[in-house]
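Overview (structure and organization)
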Amino acid sequence: MPSLYIHVPFCVQKCDYCAFYSQSLVDSPKGLIAVYLEGLEVEMAKRQKDAPHGVSSLFIGGGTPTALKDEDLETLMAMLQRNFHLNPGAELTIEGNPGTITPSKLEILRRYGINRFSLGVQAFDDKLLSAVGRIHTAQEAREAIGRLRAAGFDNISLDLMFGLPAQAMGTWQATLEEALSYAPEHLSLYGLMLEEGTPLYERYKEGSDDKIDGLETVEIEAKARCYPTGSVQSDALPDDELQAEMHDWAVERLKKAGYTNYETSNFARPGYECQHNLGYWRGEDYLGLGPGGVSCLNRVRWKNIEDVRAYQSRLLKEQDPVEEAGPEALSLQECMAERMILGLRLEEGVHLTSFRNDFGVDLRDIYRDVLERYKDKDVLTYQGDYLRLNPKYAFVANGILSDFV
Ligand SMILES: C[S@@+](CC[C@H](N)C(=O)[O-])C[C@H]1O[C@@H](n2cnc3c(N)ncnc32)[C@H](O)[C@@H]1O
Ligand code: SF4
């Protein structure tokens, strides 16, 4: 059974750092949500054949699904129920932002069986929130958590960000401590990434051109992240070293609080690991519907176009709403590399027997050179039937992981 992702490409307003495909509702023409829902219903009807035995999990993400009005949310949920068999007991998640979560929306979601909520808190600090263009205050996040619990959600995940402009270790620690006081079942902690094309990237990219002459590329990148153009230092982004310290502090703190760091950025109380994302990381099939949705079935991957109107009009004309490059048949080599890269971000590591069953080769043979390179360095270890990355390298592992490509 594949997992199912539904992309809802709308937000009340875009955050300054975000490069995910979504449209600000403030700037969208009237009626765009109806156009989106019309296209989505056609795509669902077309794709239900790919999940004849139901879906293993559901994730309604975005964007901000809770930015939809009650009647649109009801339409979306009813469409899902009509087109897909959501297995009883499966993990059914929706994402949402404080400031958009009302008791009536939560009532609709509970009625349709949504049993997990992922809330984008980012920080319990109004200055930091407004510095990156979030629409909500810390108080609205507190209220949202209260509403979720009151509505019966007993599986809540909170998204937090570290490395935000002017964020100090102390403010990061205060945010995480407050998050823990609400006893969430799951936490996702994301280090801020400067994404090209976002307002935050524009603000920080040229900050210190004249200061970086003569530095190595890596240092230039680290420096360029620090100071906004023509600004005072108080708006500085934490550098890579401080970001890594924030991550490491959080790992230790969360361990003490009883959470497992089951993936580099993800933490759960035992039994509350996100099944949907585990499926991606373990290389299982997934369907991703909606504009910008990505699917991968039987080693063929495709991505839908990131344009609501074009997506809908193609579907109404019985055409595939897929990006111009079309579906891509992944080579065995690509699939194996991806399995290694995603699997080594998991605490459990890569399962040797599943790798052999899925690809017909032993990863110890196919990656002999890479494994030899790290053999004596306490970087990669075998534990039972798994190959694991030493967790102390997890946050800085990109160099190691790219060796598998
Ligand atoms: C795409 S958002 C969707 C959820 C919801 N709209 C929200 O804002 O919480 C999922 C998460 O991605 C993270 N994110 C988005 N852009 C990021 C960036 N440039 N760096 C780090 N994390 C980012 C945010 O923490 C956010 O909670
Ligand atoms: S972080 Fe969330 S709310 Fe902000 S623009 Fe991205 S998807 Fe929208």
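Residues numbered from 1 in each chain as written. Chains lettered and ligands numbered in written order. Predicted model: local features only at pLDDT ≥ 70, side-chain atom pairs only at ≥ 80, totals over all residues.

**Section: the domain arrangement of the chain**
Here is the rule we go by: Domain limits in this description derive from either an automatic procedure or a database domain assignment. Placing C-beta atoms from the backbone, we regard two residues as in contact once those atoms come within 7 Å. Here a strand is any run of E in DSSP of at least two residues, a helix any run of H or I of at least four, and the numbering for each starts at the N terminus. Here the nonpolar group is Ala, Val, Leu, Ile, Met, Phe, Trp, Tyr, Cys and Pro; Asp, Glu, Lys and Arg are the charged ones; every other residue, Gly included, is treated as polar.
Here the domain parsing of the chain yields domain 1 (3-192 + 237-281) and domain 2 (346-402). The centre of domain 1, based on its C-alpha atoms, is set 30 Å off from the matching centre of domain 2. Opposite the 8 residues of domain 1 that make contact, domain 2 presents 6 residues. Every element with two or more residues in the side of domain 1 that touches domain 2 is listed here: helix H9 (240-256) and strand E9 (260-263). At 4 residues, the largest contribution of residues to the side of domain 1 that touches domain 2 is made by E9. Here the side of domain 1 that touches domain 2 is composed, by residue class, of 3 nonpolar, 4 polar and 1 charged.

**Focus: the sheet that holds strand E16 (residues 380-383)**
Put simply, the rule is: A pair of strands is labelled paired if DSSP reports no fewer than 2 bridges between them.
As summarised here, the arrangement of the 3 strands in space is E15-E17-E16, forming an open sheet in which the pairing is antiparallel. Of all the strands in the sheet, just strand E15 (350-351) and E16 have a single pairing partner and so form its edges. Looking at chain direction, E15 and strand E17 (residues 386-389) are connected through 2 bridges and run antiparallel. Its bridge partner lying in E17, His 351 is registered against Tyr 386.

**Section: the packing of helix H2 (residues 70-83) against helix H3 (residues 103-111)**
Packed helices, taken two at a time, are described by the angle between their axes plus the distance between the axes. In plain terms, the rule: Simply put, an axis is a line fit to the C-alpha atoms, just over the touching stretch for a helix, and the angle between two N-to-C directions goes from 0 to 180 degrees. With respect to orientation, any angle under 35 degrees is reported as roughly parallel, any angle over 145 as roughly antiparallel, any angle of 65 to 115 as roughly perpendicular, and every other angle as oblique.
Their axes nearest at 10 Å, the elements H2 and H3 cross at an angle of 10°. One finds that H2 runs roughly parallel with respect to H3. Residues Asp 70, Leu 73, Glu 74 and Met 77 of H2 pack against Ser 104, Lys 105 and Ile 108 of H3. Of the residues contributing to the contact of H2 with H3, the split by class is 3 nonpolar, 1 polar and 3 charged.

**Thoughts on unusual backbone geometry**
This is how it is decided: Note on burial: count the other C-beta atoms lying within 10 Å of the residue's C-beta; 20 or more is buried, 12 or fewer is exposed, in between is partly exposed, and C-beta positions come from the backbone.
Backbone torsion omega between Gly 62 and Gly 63 reads 20°, so that peptide bond is classified as cis. Phi at Asn 298 is positive, roughly 45°, even though this residue is not glycine. Structurally, Asn 298 can be placed in the loop between strand E12 (294-297) and strand E13 (300-303). Residue classification places Asn 298 among the exposed residues on the basis of 10 C-beta atoms within 10 Å. Not every positive phi belongs to a glycine, and Arg 299 is a case in point at roughly 65°.

**Section: helix H5 (residues 138-150)**
As a reminder of what qualifies: One less than the number of residues in a helix, times 1.5 Å, gives the span that helix is expected to have. It is the directions from the helix axis to the C-beta atoms that the arc portrays.
Relative to the 18 Å expected for 13 residues at 1.5 Å per residue, H5 spans 19 Å between its end C-alpha atoms, a close match to the ideal helical length. For H5, the complete set of buried residues consists of Ala 138, Ala 141, Ala 144, Ile 145 and Leu 148. Buried residues in H5, looked at end-on, bunch into an arc of 110°, giving them a common side. Exposed and facing more than 90 degrees away from the buried side of H5 are Gln 139, Gly 146 and Ala 150. Gly 152 sits one or two positions beyond H5 and adopts a positive phi of about 100°.

**Quick look at H2**
Helix length check: H2, at 14 residues, gives a terminal C-alpha distance of 20 Å against a target of 20 Å (1.5 Å per residue), a fit within 8%. Looking at H2, one finds that the buried residues are Leu 73, Leu 76 and Leu 80. The buried residues of H2 occupy an angular sector of 60° when projected down its axis, which confines them to one face. Seen from the buried face of H2, the exposed residues on the opposite side, beyond 90 degrees, are Asp 70, Glu 71, Gln 81 and Arg 82. On its buried face, H2 is in contact with helix H1 (32-47) and H3.

**Quick word on the pairing of strand E5 (residues 86-96)**
Which entries qualify depends on this criterion: Place the viewer so that the strands point away; then a crossover is right-handed whenever the path from the first strand over the helix to the second strand goes clockwise.
As paired elements, strand E4 (residues 55-62) and E5 share 5 bridges and run parallel to each other. For Val 55, the partnering residue across the bridge sits in E5 and is Leu 86. Taken together, E4, H2 and E5 constitute a β-α-β crossover, and its handedness is right-handed. Note that E5 and strand E6 (residues 116-122) share 4 bridges and pair parallel. Residue pairing for E6: Thr 93 is matched across the bridge by Arg 116.

**Overview of the nonpolar core**
Stated formally: What makes a nonpolar core is a set of buried Ala, Val, Leu, Ile, Met, Phe, Trp, Tyr and Cys residues, with links drawn between C-beta atoms within 7 Å.
Ranked by size, the top nonpolar core spans 74 residues in total, and within it Leu 4, Leu 119, Leu 148, Leu 160 and Leu 187 carry the most contacts. What Leu 119 contacts, discounting residues up to four positions off in sequence, is Gly 96, Pro 98, Ala 144, Ile 145, Leu 148, Ile 156, Leu 158 and Asp 159. Of all hydrophobic cores here, the second largest spans 11 residues; its members include Leu 344, Val 350, Leu 380 and Leu 389.

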